[in-house]
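# Secondary and tertiary structure notes
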Amino acid sequence: TIIKDFELQAGEIEDTGYIIKNRIQDNKTLFDIIYDALDLTLMNTNKLYCLYDNFGRLNLRNVESMKIDDLVLTVDEETSNIEDYEYKTDIDADTYNKIVLYRDNEKTGKREKWIVQDSKNMNKWGVLQYYKPINEDTNAKAKVDALLKLKNRVKRDLKLKNVKGDVRVKAGTSPLIHIEDIGDISIAQFMLIEKAKHTFTTDYHSMDLEVRGNI
């Protein structure tokens, strides 16, 4: 609808499969309207979509379909293509092991609640509670389960520096990353590129990458 109304060019637009009820979006930018819709989709389905421009055409794709299957980034001595990296963890930013969603029932005068929690992580970290209201059109059970799956994890930040360049790598794509004994874990999985900076010189192409994944 936005592409048609504002005479934009459409590229590959994947169907998210998640239907959002009619909403009033006054005084918001088109980007914020789309961002809100993708955020609702993520919270209710645990599926992440990437919106990007490709030579003037808007594309919307599930990040699962943007994996680069034949690219492995590693610091292995024999095949290393990563010069350096930074890694840190925390549970203070957007990590929750107890999800509480509620809405006030005007007919009964009572507050309805939906609660899910991970007792194992609560014993490890203490209670990290996410407490939010929802409207009557929300599928509370599906949303509360999706939020626990999404947020019940350690936040891990990984930055790769001076990586051997590949022009296919951009935000939204996922190469395979293999790093042994990085802090508290080892990594051997596809990870999502959140930010990519490419540097081209006369005879060399390098990248600085910020990545994330379910690690």
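Check the entry above for the structure.
Figured I'd write up the structure that's included with this text. Computed from a predicted structure; not experimentally measured.

## Describing a positive patch on the surface
A surface patch of positive charge is lined by Lys-88, Lys-159, Lys-195 and Lys-197. Along the chain, the position of Lys-195 falls in strand S12 (residues 192-200).

## Re the environment of Asp-145
Tracing the backbone through its elements, the reader meets Asp-145 in helix H4 (residues 140-151). On the basis of relative accessibility, which here comes to 32%, the residue Asp-145 falls in the partly exposed class. A sequence separation of 136 residues divides Asp-145 from Gln-9, and the C-alpha atoms of the two residues are 36 Å apart.

## Considerations on the sheet that holds strand S8 (residues 129-133)
The sheet built from three strands is open, its strands ordered S7-S6-S8 with mixed pairing. Strands at the two margins of the open sheet, each flanked by one partner only, are strand S7 (110-117) and S8. Taking each pair of neighbouring strands and ignoring which way they run, the sheet shows an average axis angle of 20 degrees. Of the strand pairs in this sheet, strand S6 (residues 98-105) and S8 are connected by five bridges, and their pairing is parallel. Across the sheet, residue Val-100 finds its bridge partner in S8, namely Tyr-131. Its contacts with the sheet place H4 against S6, S7 and S8, and it is angled at close to 155 degrees to S6.

## Looking at the nonpolar core
Leu-73, Leu-158, Leu-160, Ile-177, Leu-209 and Val-211 are the most contacted members of the largest nonpolar core, which has 17 residues in total. Every element with two or more residues in this core is listed here: strand S4 (67-74), strand S9 (155-164), strand S10 (174-182) and strand S13 (205-212). Residues contacting Leu-158, with those up to four places away along its chain left out, are Tyr-85, Glu-86, Tyr-87, Ile-179, Ile-182, Ile-187, Met-191, Leu-209, Glu-210 and Val-211.

## Here we look at the packing of aromatic side chains
This model, assessed by the stated rule, comprises two aromatic pairs. Ring plane angle 75 degrees and centroid distance 5.2 Å describe the contact between Tyr-96 and Tyr-130, whose orientation is recorded as edge-to-face. Here the residue Tyr-96 occupies a position in the loop between strand S5 (82-90) and S6, and Tyr-130 occupies one in strand S8, the gap between them amounting to 34 residues. Judged by its relative accessible area of 22%, Tyr-96 is partly exposed. Tyr-130 gets classed as buried once you look at its relative accessible area, which sits at 12%. In this structure, Lys-132 packs its charged tip against the face of Tyr-130, placed 6.0 Å from the ring centre.

Definitions and cut-offs
Residues numbered from 1 in each chain as written. Predicted model: local features only at pLDDT ≥ 70, side-chain atom pairs only at ≥ 80, totals over all residues. Heavy atoms only, no water. Patch = residues over 30% accessible without salt bridge, like charges linked within 9 Å, V, L, I, M, F, W, Y side chains within 5 Å. Areas by Shrake-Rupley, 256 points an atom, 1.4 Å probe, with all protein chains shown as cover. Salt bridge = Lys/Arg side-chain N within 4 Å of Asp/Glu carboxyl O. Lys, Arg positive; Asp, Glu negative; His and termini not counted. Charge placed at Lys NZ, Arg CZ, Asp CG, Glu CD. Helix = DSSP H or I, 4+ residues; strand = E, 2+ residues; numbered from the N terminus. Buried < 20%, exposed > 50% of the residue type's maximum accessible area, 1.4 Å probe, protein only. Pairing = 2+ DSSP bridges. Axes fitted to C-alpha atoms, helices over the stretch in contact; angles between N-to-C directions. Contact = heavy atoms within 4.5 Å. Core = buried A, V, L, I, M, F, W, Y, C linked by side-chain atoms within 4.5 Å. Phe/Tyr/Trp six-rings, centres within 6.5 Å; stacked < 30°, edge-to-face > 60°. Lys NZ or Arg CZ within 6 Å of the ring centre and 35° of its normal.

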